[in-house]
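# Structural description and commentary
Read off the chains here:
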Amino acid sequence: MPPLRTAGGPGLFLGRRPVCYTAVIRAIRIHENGGPEVMRWESIQLPPPAAGEVRVRHTAIAVNFSDVNVRRGGFYISDAQVFPLIPGNEAAGIVAGLGSGVTGVGAGESVAYVGTGGPFYEKTGSYAEERNVPADCLVRLPRGISERTAAAFLLKGLTAAMIVKRVFRPGPEDTVLVHAAASGVGLLLCQWSKHLGARVIGTVGSAEKARVARSHGCDHVFLYADFPEQVKKLAPGGVSAVFDGVGRDTFERSIPCVRRFGMLVNYGNASGHVPPLDLLLLAKSGSLTASRPAFSHYIADCGGLAPACVELFDLVLRGVLKVEIGRSYALSDAATAHRDLEARAFSGSAVLIP
Ligand SMILES: NC(=O)c1ccc[n+]([C@@H]2O[C@H](COP(=O)([O-])OP(=O)(O)OC[C@H]3O[C@@H](n4cnc5c(N)ncnc54)[C@H](OP(=O)(O)O)[C@@H]3O)[C@@H](O)[C@H]2O)c1
């Protein structure tokens, strides 16, 4: 077997077990909160993986809206941020080294992770060429799921899975309204809802995004301006559920779109937080239910990342869920990725390539 290369110098295989030294790698770091310009491309020292950790050489890194929130600061974050910090929580790559005690994963294997066990917005560090990750946070990628695809859909797919499997499972009797239908999570929700037999109505920010949403299972697509009226025409009795990752700009306007005993699912805040909700409004509007789920509880409920991914991988491998990679960027150009994401410039997911 050839020697394992690490960014800081050659690694060695002792049998199948690669030994990692401290490596000099490059990463995006922020030294303060702010706009995309605070992200700097810097060299840092990465220590060898500790006991129970795996050195992952990233080959594709996810861009998530939460990365923008971490960069901006003051959003979800409970503990003060410690600078400099490396953003990002999700990536895929190759196993490049093992800390002591790690079994069940071997050098050269293709793996991915979504979070590293601690609070998602605080234990960041994936915008880097390499990272040491707790072994129990990794999932092995099956043949047919590339590292790019994994980085583009794992968190977004787990979020969609949580919604359609734990919060509201759409069926043939249902019409669902998916806001930001061409977003990373939105496209997966549209396809999954359609797969389960539901009629899907989507909202989007542009004609091009409407085209993409239609090609991913959306039966009817509208711009946001008059969506309540448009939904009323298509579903006079109201939709069974609203899947809303936009938040402030869409949540309250969605309430009259929902049928009696229907469900409002707010899973994200791309436009800002939903203002405090008067529960009596849910009673007056038809005995509605509102839910605000978080994917980390879903992973824990499934018993970990690997079991949570089983059905997701199967649906992607069977072509039920198409993964749309709207843009890819060099890792060193993460600032452009953030600018484009905040400008709502692409459909689907974006990935960073080291
Ligand atoms: N609850 C959870 O566990 C969980 C998990 C993953 C993600 N999330 C959250 O879910 C939301 C969507 O995630 P995603 O990965 O689908 O995001 P994304 O791909 O970045 O898409 C967000 C979309 O929201 C729409 N949008 C509307 N108003 C916006 C604004 N003011 N600024 C930016 N975008 C705006 C845009 O689509 P249009 O141009 O079509 O309007 C944009 O493309 C995010 O808030 C994310 O943090 C939550």
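The rules we used
Residues numbered from 1 in each chain as written. Predicted model: local features only at pLDDT ≥ 70, side-chain atom pairs only at ≥ 80, totals over all residues. Heavy atoms only, no water. Core = buried A, V, L, I, M, F, W, Y, C linked by side-chain atoms within 4.5 Å. Buried < 20%, exposed > 50% of the residue type's maximum accessible area, 1.4 Å probe, protein only. Helix = DSSP H or I, 4+ residues; strand = E, 2+ residues; numbered from the N terminus. Salt bridge = Lys/Arg side-chain N within 4 Å of Asp/Glu carboxyl O. Pairing = 2+ DSSP bridges. Axes fitted to C-alpha atoms, helices over the stretch in contact; angles between N-to-C directions. Contact = heavy atoms within 4.5 Å. Lys, Arg positive; Asp, Glu negative; His and termini not counted. Polar contact = N/O pair within 3.5 Å; in protein donor to acceptor, adjacent residues only side chain to side chain. 1 Å grid on protein atoms, 1.4 Å probe; cavity = no way out; pocket = protein on both sides within 12 Å on 5 of 7 lines; lining within 4 Å. Points joined across faces, edges and corners; volume = space filled by probe spheres on them. Nonpolar A, V, L, I, M, F, W, Y, C, P; charged D, E, K, R; others polar. Near = heavy atom within 4 Å. Areas by Shrake-Rupley, 256 points an atom, 1.4 Å probe, with all protein chains shown as cover.

### Points about the nonpolar core
In terms of nonpolar packing, the biggest core is built from 54 residues, with Leu-154, Leu-158, Leu-189, Trp-192 and Phe-243 touching the most fellow members. Looking at this core element by element, the count peaks at 11 residues for helix H2 (residues 147-167). Within the second largest apolar cluster, 38 residues are counted, among which are Ile-30, Val-111, Leu-341 and Phe-346.

### Focus on the pattern of salt bridges
Under the criterion given, the structure shown has 16 salt bridges. A salt bridge links Glu-109 to Arg-140, with the nearest nitrogen and oxygen atoms 2.5 Å apart. Placement of the pair is Glu-109 in the loop between strand E8 (90-98) and strand E9 (110-114) and Arg-140 in strand E11 (residues 138-140), with a sequence separation of 31 residues. Its relative accessible area of 22% is what places Glu-109 among the partly exposed residues. With a shortest N-O distance of 2.4 Å, Glu-311 and Lys-165 are connected by a salt bridge. Taken together, the residues span a long stretch of sequence, with Glu-311 in helix H9 (residues 305-317) and Lys-165 in helix H2 at a distance of 146 residues. Residue Glu-311 is classed as partly exposed on the basis of its relative accessible area of 33%. Connected through shared salt-bridge partners, Arg-29, Arg-40 and Glu-42 make up one network.

### Some remarks on the sheet that holds strand E14 (residues 220-223)
Pairing within the open sheet is parallel, and its six strands lie in the order E14-E13-E12-E15-E16-E17. Single-partner strands in this sheet number two, and they are E14 and strand E17 (289-291). For this sheet, the mean inter-axis angle between neighbouring strands, taken without regard to orientation, is 15°. Each of strand E12 (175-178), strand E13 (199-204) and strand E15 (239-244) is contacted by helix H3 (residues 184-195), which is oriented at about 175° to E12, the strand it contacts most.

### What about the pairing of E8?
Most of E8 is tucked away: eight of the nine residues are buried. Sheet topology places strand E7 (residues 53-62) next to E8; seven bridges connect them, and they run antiparallel. Looking at E8, one finds that Val-56 is bridged to Val-95. Pairing analysis gives five bridges linking E8 to E9, with the strands arranged antiparallel. Within E9, the position partnered with Ile-94 by the bridge is Ser-110.

### Points about the side chain of Glu-147
Structurally, Glu-147 is set in helix H2. Within the buried core, Glu-147 has no salt-bridge partner, and the shortest N-O distance to an opposite charge, that of Arg-148, equals 8.1 Å. A polar side-chain atom of Glu-147 sits 2.4 Å from a polar atom in the side chain of Thr-59.

### Quick notes on the layout of surface pockets
Empty pockets left among the atoms are what a rolling probe the size of a water molecule brings to light. Put simply, the second largest pocket is a space of about 220 Å³. What lines the second largest pocket is a set of 13 residues, among which Thr-116, Thr-124, Gly-125, Arg-131 and Asn-132 lie closest to the centre. At four residues, the largest contribution of residues to the lining of the second largest pocket is made by strand E10 (residues 130-134). A per-class count over the lining of the second largest pocket returns five nonpolar, four polar and four charged.

### Here we look at helix H1 (residues 65-72)
Most of H1 sits inside the fold, with six of its eight residues counted as buried. Regarding H1, the residues found buried are Ser-66, Asp-67, Val-68, Asn-69, Val-70 and Arg-71. Where H1 is buried, its residues touch strand E5 (23-30), strand E6 (39-46), E7 and helix H10 (334-342). Backbone geometry just downstream of H1 places Gly-73 in the positive-phi region, at approximately 85°.

### Remarks on the site of the ligand
Around the ligand sit 25 residues in total, of which Lys-209, Tyr-224, Tyr-267, Phe-295 and Arg-344 are the nearest. Interatomic distance of 2.7 Å between a side-chain N/O atom of Lys-209 and an oxygen atom of the ligand. Its free accessible area being 920 Å², the ligand has 91% of it covered by the protein chains. Of all the secondary-structure elements, those providing two or more residues to the shell around the ligand are H2 and H3. Of the residues assigned to the shell around the ligand, the class counts are 12 nonpolar, nine polar and four charged.

### Regarding the environment of Asn-266
Position of Asn-266 relative to the elements: it lies in strand E16 (residues 258-266). Taking the C-alpha atoms as reference, Asn-266 lies 8.0 Å from Val-242; in sequence the two are 24 residues apart. When residues no more than four places from it in sequence are discounted, the contact partners of Asn-266 are Asp-244, Gly-247, Phe-251, Val-274, Ser-291, Arg-292 and Pro-293. A distance of 3.1 Å separates a polar atom in the side chain of Asn-266 from the backbone oxygen of Asp-244. In this structure the side chain of Asn-266 is engaged in a polar contact, spanning 2.8 Å, whose partner is the backbone oxygen of Gly-268.

Read these as layout, nothing more, since geometry by itself doesn't imply function.
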